[in-house]
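This is what each chain is made of:
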Amino acid sequence: MAVELAISLLVTPIVEMAIKRVCSLISEEFHTTFGVKKEVEKLNNTLTRIKAVLKDAEDKQLTNHSLKEWLRKLEDAAYDAQDILDEFSTEVHLLNIHRKQRVSKFPLQKEFASRIKKILATLDGIDQERNQFQLVPAETQNRAPPPLPLRTSLPMNRKDVFGREDDKNKIVELLLSGELDKEGEISVIPIIGMGGLGKTTLAQLVYNDERVKNCFEFRMWVCVNVDFDLSKILKDVIEYHVEMKYDINLSLNLLESRFREFLAGKKFLLVLDDVWNDDYMKWAPLKNILNQGGMGSKVLVTSRIDKVSDVMGTLKPPYRLGNLAEHECRLLFNKIAFEQAGNLSSERRSELESIGRDIVRKCQFLPLAVEVMAGLLRGNGDVREWQRILRNDIWDVEGENPHILPALKLSFDHLSSHLKQCYSFCSIFPKAYIFDKKDLVKLWVAEGFVLSNSNQQLESAEETGSQYFDKLLVRSFFQPLNVDQRERYLMHDLIHDLARHVSHPYCCQVQDANNDISDPFHFRHASLLCKEVEKPLINILQNTSKRRLRTLLVPNEYLKDLKKQTLLNMFDTMTYIRVLDLSSTTILELPQSIQKWKLLRHLDLSKTEIPRLPDSLCNLYNLQTLKLLGCPWLFELPKDLSKLINLQHLELDDMFWHKITILPPGMGN
């Protein structure tokens, strides 16, 4: 019998985060000092009772629509509880700082007591409703396995890729051969195959081959994906060549001029990875520019779509990548799954290898699925657990990628709850986004996804977050981009699809400024991927339930027009914002009312022409990261910057240090 992929499986980490905040208040005795002891302790008891049955509820929601709706209501209420408790904790900390001592009276005591009682009433109602579902507490369940142990050693080296040596050599021969070369016309070699076959991995093997390095004067790598933007592709080509950033808003004529300056007449290899464009009119302008390269220049294209080859390729037919042979898949699986299995007896290993052969067949010999399943079982010697994986009903899943999604979903299901939340958050980034590990970890910490003891410092939280990333990397939720010396990572399209699936409706991408935003009431994390952000931002401010939005990112480099009135409206609406990206926008000043954003932890003002920061910014008690890279008119920092006692990262570039004459007192304390 076929099953559907479950959604809304992120209730547990949200409830756990709310409980963590309650426990923090109790341990610091704020609830007693400020008159909300009864409410806070009852809230803790209610959340703890609900958490006990969440595993059973999440497992049963597939076949019970009412239960799924119950989980949705719980998710919303748990988010709201987090917000209220976080705000309460911040207000109390600020009060203690201002008065230098604890006091018996709290000006907002009645307001917070009322709000805590309101959310408590909501959760009590949800707690009562759970009785109708006959849910079993976790400690009495015997059927559900715990999350599998995660091993954090580095993933397999690309030199250990199995079964693609012959493919690599054939493509290298095509690149080195002069048979396709014509004066004034670039040769294009497409690698075509379905998702999960390893086209990008194969292209990286070819790109890093010594014969290829010696053949081409220059090599460039560009991740393209769905949006075939001529200016962006050309900018990425030039940036890769000169190893420095260019302004995305440079005119196409200037970018063409730079290309001619650097690469005209030079023999180069350009990899265009993950191309979806099948419109010749979009390809022709880029082709004409690339034709100015030297004789023997090549373009290597990876794509799932046959028509891409028809439109772009000069190699007819294209190079079609097939499934791995079964024995190669078994070698790949065993290399990953048994790499840390030194203590297994020969009998136990033989038994696990037999089960592994059946799991490989379930993966239909697709490398991505095999890697994910091997990563899931890595270092686990429990035969019963391997059998549970093999017999899971999800292998009968229906969908667009029936051979990939079951493996990905199984691996996701066995992540611990906090790793699920970190992974699903990445759905707000566009496909083919290149992740910087340190920057992503900072965002996870700012969102509160990283679990740490209350006595640990923020540095420890980032170390823990780095371990989270490594665990997801081992499971193939991220993949290294091995094309230069920089440490960068990609998320496979299919893994990104799953992230979008499991994070709905709490994470929202706005890709077109003219599209309506679906389910604006529920989402908490939003990214604006369109060039024009004013209209969708106004839509968010008007339709999102007040105070719910926690994250607003604009992860593209285009200059975004943002009017002053819209900015002011943001301050009135986004009370609970934790992460805000205003980089590459037209803002010229921040209002003094920025101090309303008391929960803000991450603020990016890079690449703006803002000349100064308001003094009130120094009242942002929770601020951890302030990014001010590429701000040409910023010559000074607020004098009270040292008041930002939780600030860990103040990111400034060399240009700023050449301009500044005096630092704020106490900076660095």
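Quick note: structure is the one above.
Keep in mind that this is a model prediction, so the values were computed, not measured.

### Considering the overall build of the protein chain
In step 1: Looking only at helices and strands, the protein chain has 25 helices and 14 strands in total.
In step 2: Counting across all 669 residues of the protein chain, residues that qualify as buried make up 56%.
In step 3: In the protein chain, 71% of the contacts between residues at least 6 apart in sequence involve partners at least 24 apart.
In step 4: With the model as given, the accessible surface of the protein chain reaches about 29200 Å², and the carbon-plus-sulfur share is 47%.

### Quick look at the environment of N249
In step 1: By secondary structure assignment, the location of N249 is in the loop between α10 (230-242) and α11 (252-263).
In step 2: Distance in space between the C-alpha atoms of N249 and E557 is 8.2 Å, their sequence separation being 308 residues.
In step 3: Beyond its immediate stretch of four places on either side in the chain, N249 contacts E557, Y558 and L559.

### With respect to the nonpolar core
In step 1: Judged by nonpolar contacts, the single largest core of 81 residues is most densely connected at L272, F333 and M373.
In step 2: With sequence-adjacent residues up to four places away left out, F333 is seen in contact with G356, I359, V360, V370, M373, A374, L377 and W386.
In step 3: In terms of nonpolar packing, the next biggest core, distinct from the first, is built from 44 residues, C508, L590, L652 and F656 among them.

### A short note on the pattern of salt bridges
In step 1: For the coordinates displayed, the defined rule picks out 50 salt bridges.
In step 2: Notably, a salt bridge pairs R524 with D83, separated by 3.6 Å at the nearest N-O pair. One end of the pair, R524, is in the loop between β8 (507-510) and β9 (525-528); the other, D83, is in helix α5 (residues 65-99), and 441 residues separate them in sequence. Here the two residues R524 and D83 agree in accessibility, since each one is buried.
In step 3: With a closest N to O distance of 2.7 Å, D83 and R578 form a salt bridge. Taken together, the residues D83 in helix α5 and R578 in the loop between α24 (564-573) and β11 (579-581) connect sequence positions 495 residues apart. Judged on exposure class, the residue D83 and its partner R578 are both buried.
In step 4: Through salt bridges with shared partners, a single network forms among R21, D76, D80, D83, D86, R524, R548, R550, R578 and R601.

### A short note on helix α19 (residues 417-425)
In step 1: Among the nine residues in α19, nine count as buried, and that is most of the element.
In step 2: Burial in α19 covers these residues: S417, H418, L419, K420, Q421, C422, Y423, S424 and F425.

### Side note on the pairing of strand β2 (residues 218-225)
In step 1: Among the eight residues of β2, six are classified as buried, and the element is accordingly described as predominantly covered.
In step 2: Two strands pair when backbone bridges link them, and β2 and strand β3 (residues 268-275) are joined in this way by seven bridges, in the parallel orientation. Directly across from V222, in β3, lies its bridge partner L272.

### As for the pairing of strand β1 (residues 187-192)
In step 1: Extensive coverage of β1 is indicated by the burial of six of its six residues.
In step 2: Side chains S187, I189 and I191 project from β1 onto one buried face, and the interleaved V188, P190 and I192 project onto a second face that is buried too.
In step 3: Two strands pair when backbone bridges link them, and β1 and strand β4 (residues 298-303) are joined in this way by six bridges, in the parallel orientation. The residue bridging P190 from the neighbouring strand is V301, located in β4.

### Section: the sheet that holds strand β12 (residues 602-604)
In step 1: Strand order across the open sheet formed by seven strands is β8-β9-β10-β11-β12-β13-β14, with parallel pairing between neighbours. With one partner strand each, in any of the chains shown, β8 and β14 (649-651) form the two edges of the open sheet. Geometrically, the sheet is characterised by an average inter-axis angle of 10 degrees between neighbouring strands, direction not taken into account.
In step 2: As defined by bridge partners, β8 adjoins β9 across four bridges and the pair is classed as parallel. In the strand pairing of β9, C507 is matched with H525.

### A look at the environment of N323
In step 1: Note that N323 resides in the loop between β5 (319-320) and α14 (326-337).
In step 2: Given the relative accessible area of 40%, N323 is considered partly exposed.
In step 3: Expressed as a C-alpha distance, the spacing of N323 and G196, which sit 127 residues apart in the sequence, is 9.3 Å.
In step 4: A polar contact is formed between the side chain of N323 and the backbone oxygen of Q364, at a distance of 2.9 Å.

### Examining the state of the cysteines
In step 1: Taken as a whole, this structure holds zero disulfides when the rule is applied.
In step 2: C422 provides the cysteine sulfur closest to C426, a residue in no disulfide bond, and the two sulfurs are 7.7 Å apart.
In step 3: Here C426 falls in the buried class, since its relative accessible area comes to 0%.

### Notes on the side chain of S309
In step 1: Looking at the secondary structure, you find S309 in helix α13 (residues 306-312).
In step 2: Discounting chain neighbours no more than four positions away, the residues touching S309 are P190, I192, K316 and P318.

### So, unusual backbone geometry
In step 1: At the junction of K316 and P317, the peptide bond is cis and its omega measures out at -10 degrees in the coordinates.
In step 2: The topology assignment puts P317 in the loop between α13 and β5.
In step 3: The residue D274 is not glycine, and still its phi comes out positive at about 60 degrees.
In step 4: Inspection of the secondary structure assignment puts D274 in strand β3.

### Description of the packing of α14 against helix α16 (residues 367-377)
In step 1: Contact geometry for α14 and α16: axes closest at 8 Å, N-to-C directions at 30 degrees. Judged by the inter-axis angle, α14 sits roughly parallel to α16. The two elements α14 and α16 cross, and the hand of that crossing is right-handed. Of the residues in α16, those touching α14 at C329, L332, F333, I336 and A337 are P367, V370, E371, M373, A374, G375 and L377.
In step 2: Grouping the amino acids of the contact of α14 with α16 by side-chain chemistry returns 10 nonpolar, one polar and one charged.

Conventions adopted
- Along each chain, the written sequence defines residue order, and numbers are assigned to residues from 1.
- In view of the model being predicted, local features appear only for residues whose pLDDT reaches at least 70, and side-chain atom pairs are presented and counted only at 80 or more, with totals across whole chains, interfaces and linings using the full set of residues.
- To obtain the side-chain values, all non-hydrogen atoms of the structure were used and water was disregarded.
- We count a stretch as a helix when DSSP gives it H or I for four or more residues in a row; a strand needs E for two or more, and each element gets its number in order from the N terminus.
- For the exposure calls, accessible area comes from a 1.4 Å probe over protein chains only, and a residue counts as buried if that area is under 20% of its type's maximum, exposed if over 50%, partly exposed in between.
- Only heavy atoms enter the contact rule, under which two residues are in contact if any of them lie within 4.5 Å.
- Only the protein chains shown count as covering a residue, and every accessible area follows the Shrake-Rupley method with a 1.4 Å probe.
- Remark: nonpolar core denotes a set of buried residues (Ala, Val, Leu, Ile, Met, Phe, Trp, Tyr, Cys) joined through side-chain atoms within 4.5 Å.
- A pair is scored as a salt bridge if a Lys or Arg side-chain nitrogen falls within 4 Å of a carboxyl oxygen belonging to Asp or Glu.
- Following DSSP output, two strands are said to pair if at least two bridges run between them.
- Axis lines are fitted through C-alpha atoms, for helices just across the contact stretch, and the angle between N-to-C directions can take any value from 0 to 180 degrees.
- Counting of polar contacts relies on pairs of N or O atoms within 3.5 Å, with two restrictions inside protein: one atom must be capable of donating a hydrogen and the other of accepting it, and residues adjacent in sequence are counted only when both atoms are side-chain atoms.
- Any two cysteine sulfur atoms within 2.5 Å of one another count as a disulfide.
- Roughly parallel covers angles under 35 degrees, roughly antiparallel covers those over 145, roughly perpendicular covers 65 to 115, and oblique covers all other angles.
- Should the near helix be turned anticlockwise from the far one by less than a right angle, the crossing is termed left-handed; should it be turned clockwise, right-handed.
- As a working rule, the residues Ala, Val, Leu, Ile, Met, Phe, Trp, Tyr, Cys and Pro are called nonpolar, Asp, Glu, Lys and Arg charged, and the rest polar, with Gly in that last group.

Everything listed here is a matter of coordinates, which is why it stays silent on function.
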